[in-house]
Amino acid sequence: GETSDSFAIEESLKELAQLADTAGLMVVGSTYQKLASPNPRTYIGSGKVAEIKSAIRAFEVETVIFDDELSPGQLRNLEKAFGGDVRVCDRTALILDIFNQRAATHEAALQASLRLFVALAQMEYQLPRLTKMWTHLERQAGGKVKGMGEKQIEVDKRILRTQIGVLKKELESVRKHRKQYRNRRFSVPVPVVSLVGYTNAGKSTLLNQLTGANVLSEDRLFATLDPTTRRVQMKNGSEFLLTDTVGFIQKLPTTLVAAFRATLEEISESSLLVHVVDISHPLAEQQIDAVEKVLAELAVSEIPKLMVWNKVDKVTDPEKIKLEAERREDIVCISALTGEGLLEFCNAVQEKLKDSMVPVEAFVP
Ligand code: GDP
């Protein structure tokens, strides 16, 4: 329907604004246009281009971000149309930027692989665009540099491919190292519980509340880019390791899907998956679907799951939500912020671990 379409677009743009904020940009406005198909030259229509241009002048805008992946040609045409030093980028480029910033601020060995994935994704993003850029330059020069451009493409491609090869090798060794580390960890028989969920669902907050660990928690997308593990000790003496994972996101650029999958490798070795949901979010159902789709791809169907409906302090009718959770199975309502339901959550985790392959008694020292 028309209205739900607009709603989805607006939600997606809101998410894009949050991503921009995470990247350190100040968002002054957003707009969209409904077209039967995107304009091949400029993605949006000429009227929209003019409208944005006047907004650029009015607000001294430095960056214009598009929610979809732009072709290299569209990028260039838009930059030309907006003029001056206005930078035009798409969702993919923005996410890559954030990955880069985040990866740069962490030095631990655990993050090394992430840095490599980002570099790899960036290069794979560049490779096809490189060709198009040179073809364009050639055309611009009226064919005068023909051949030269081609040669340059080959050189650039070779350099990129070599770098990609080096990165892949490095990545493989990091993976091996991490696997060894994980194996060593498993020689200590403590079950691993992985938190999964949509970005901003409250995974870091939950981890913090439970363990007093100092995991970064901000009202920003991608607050958690690095898997972080903490030990949770229960009053009855049993314990489990709680691992925070990367947040999931809709419309994940294809270049990054592989990176995500690899970062989530550790999930497949956990005893229990806890799917954290921001139940106060208007698109909670869609976010659940997005996460479950990725989980299905990870082939973790045999691992027990527990769903957590977080932020019950924020919903308008908490009683209705709680009744609904009771009606379904394996759902615990909590507020990671106020601490409501955390004990029930820990008990549910214990129950679930008992059900899993390895009896929980085996883990008690
Ligand atoms: P993550 O991306 O899943 O790790 O999400 P975060 O833990 O960083 O939380 C995202 C935002 O939601 C932060 O601003 C948190 O303060 C907020 N938040 C998390 N849990 C709750 C909750 O139970 N209630 C409310 N009202 N806000 C929460």
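Residues numbered from 1 in each chain as written. Predicted model: local features only at pLDDT ≥ 70, side-chain atom pairs only at ≥ 80, totals over all residues. Heavy atoms only, no water.

## Focus on the overall build of the chain
Part 1: Looking only at helices and strands, one finds 11 helices and eight strands in the chain.
Part 2: The 365 residues of the chain split such that 47% are buried.
Part 3: Across the chain, contacts joining residues at least 24 apart in sequence account for 67% of those joining residues at least 6 apart.
Part 4: When the accessible surface of the chain is split by element, carbon and sulfur atoms take 54% of a total near 19300 Å². (Helix = DSSP H or I, 4+ residues; strand = E, 2+ residues; numbered from the N terminus. Buried < 20%, exposed > 50% of the residue type's maximum accessible area, 1.4 Å probe, protein only. Contact = heavy atoms within 4.5 Å. Areas by Shrake-Rupley, 256 points an atom, 1.4 Å probe, with all protein chains shown as cover.)

## Re the nonpolar core
Part 1: Counting residues in hydrophobic clusters, the biggest one holds 23 residues, and the most contacted among them are Leu206, Val274, Phe345 and Val349.
Part 2: At six residues, the largest contribution of residues to this core is made by helix H11 (residues 342–355).
Part 3: Discounting residues that sit within four places of it in the chain, Phe345 has contacts with Leu206, Leu210, Val274, Leu306, Val308, Val332 and Ile334.
Part 4: In terms of nonpolar packing, the next biggest core, distinct from the first, is built from 14 residues, Val64, Leu70, Phe82 and Val88 among them. (Core = buried A, V, L, I, M, F, W, Y, C linked by side-chain atoms within 4.5 Å.)

## Let's talk about helix H9 (residues 284–297)
Part 1: A rise of 1.5 Å per residue sets the reference length of H9, with its 14 residues, at 20 Å; its end C-alpha atoms lie 20 Å apart and thus fit the reference within 8%.
Part 2: Along H9, the residues classified as buried are Ala284, Gln287, Ile288, Ala290, Val291 and Leu295. End-on, the buried residues of H9 take up no more than an arc of 160°, which puts them together on one face. Pointing more than 90 degrees away from the buried face of H9 are the exposed residues Lys293 and Ala296.
Part 3: Those residues of H9 hidden inside the fold are in contact with strand S3 (192–197), strand S6 (272–278) and strand S7 (305–310).
Part 4: Taken from the residues just after H9, Ala299 is the one with a positive phi, measuring 55°. (Expected span 1.5 Å × (residues − 1). Arc of directions from axis to C-beta.)

## Section: the pairing of S7
Part 1: In terms of burial, S7 is largely enclosed, as five of its six residues are buried.
Part 2: Sheet topology places S6 next to S7; six bridges connect them, and they run parallel. Note that in S7 the partner of Val276 across the bridge is Val308.
Part 3: Read from S6 through H9 to S7, the crossover connection turns out right-handed.
Part 4: Sheet topology note: the S7/strand S8 (residues 331–333) ladder contains three bridges and is parallel. Paired with Trp309 across the strands is Cys333, a residue of S8. (Pairing = 2+ DSSP bridges. Right-handed = clockwise from strand over helix to strand, strands pointing away.)

## Section: the packing of aromatic side chains
Part 1: Under the counting rule described, the total for this entry stands at one aromatic pair.
Part 2: Taking the centre distance of 5.7 Å and the plane angle of 90° together, the rings of Tyr43 and Phe66 count as edge-to-face. Highlighted residues: Tyr43 in the loop between helix H1 (2–22) and helix H2 (46–59) and Phe66 in strand S1 (residues 63–66), separated in sequence by 23 residues. Across this residue pair, the class does not change: Tyr43 and Phe66 are buried. (Phe/Tyr/Trp six-rings, centres within 6.5 Å; stacked < 30°, edge-to-face > 60°.)

## A word on the packing of H2 against helix H3 (residues 72–82)
Part 1: Running from amino to carboxyl end, H2 crosses H3 at an angle of 55°, the nearest separation of the two axes being 10 Å. Viewed along their axes, H2 and H3 adopt a mutual orientation that is oblique. At the point where H2 passes H3, the crossing takes the right-handed sense. On H3, the residues touching Val49, Ile52, Lys53 and Ile56 of H2 are Leu78, Ala81 and Phe82.
Part 2: Partitioning the contact of H2 with H3 into residue classes produces six nonpolar, no polar and one charged. (Axes fitted to C-alpha atoms, helices over the stretch in contact; angles between N-to-C directions. Parallel < 35°, antiparallel > 145°, perpendicular 65-115°, else oblique. Left-handed = near helix turned anticlockwise from the far one by under 90°. Nonpolar A, V, L, I, M, F, W, Y, C, P; charged D, E, K, R; others polar.)

## Focus on a nonpolar patch on the surface
Part 1: A contiguous nonpolar patch, built from Met26, Val28 and Phe59 and spanning about 360 Å² of accessible area, is present on the exposed surface.
Part 2: Assignment of secondary structure puts Val28 in the loop between H1 and H2. (Patch = residues over 30% accessible without salt bridge, like charges linked within 9 Å, V, L, I, M, F, W, Y side chains within 5 Å. Salt bridge = Lys/Arg side-chain N within 4 Å of Asp/Glu carboxyl O.)

## Notes on H3
Part 1: Buried residues of H3: Pro72, Gly73, Gln74, Leu75, Asn77, Leu78 and Phe82, and no others.
Part 2: A positive phi of about 70° marks Gly83, the residue just after H3.

## A short note on the pairing of S6
Part 1: Of all seven residues making up S6, seven are buried, and the element is well covered by its neighbours.
Part 2: The alternating pattern of S6 places Leu272, Val274, Val276 and Asp278 on one face and Leu273, His275 and Val277 on the opposite face, and all of these are buried.
Part 3: Where S3 lies against S6, five bridges are found, and the strand directions are parallel. Along S6, the bridge assignment pairs Val193 with Leu272.

## Remarks on the environment of Ser268
Part 1: Tracing the chain through its elements places Ser268 in the loop between helix H8 (254–263) and S6.
Part 2: The class of Ser268 is partly exposed, set by a relative accessible area of 37%.
Part 3: With 34 residues separating them along the chain, Ser268 and Glu302 place their C-alpha atoms 9.3 Å apart.
Part 4: Contact partners of Ser268, with chain neighbours within four places excluded, come to Val300 and Ile303.

## Section: the pattern of salt bridges
Part 1: According to the stated counting rule, one finds 11 salt bridges in the structure shown.
Part 2: Across the pair Lys48 and Glu51 runs a salt bridge, and its minimum N-O distance is 3.3 Å. Of this pair, Lys48 and Glu51 are both found in helix H2, three residues apart, which corresponds to roughly one turn of the helix.
Part 3: A salt bridge links Asp67 to Arg91, with the nearest nitrogen and oxygen atoms 2.6 Å apart. Placement of the pair is Asp67 in the loop between S1 and H3 and Arg91 in helix H4 (residues 91–105), with a sequence separation of 24 residues. For the residue pair Asp67 and Arg91, the accessibility class agrees, reading buried in each case.
Part 4: Through salt bridges with shared partners, a single network forms among Glu285, Glu324, Arg327 and Arg328.

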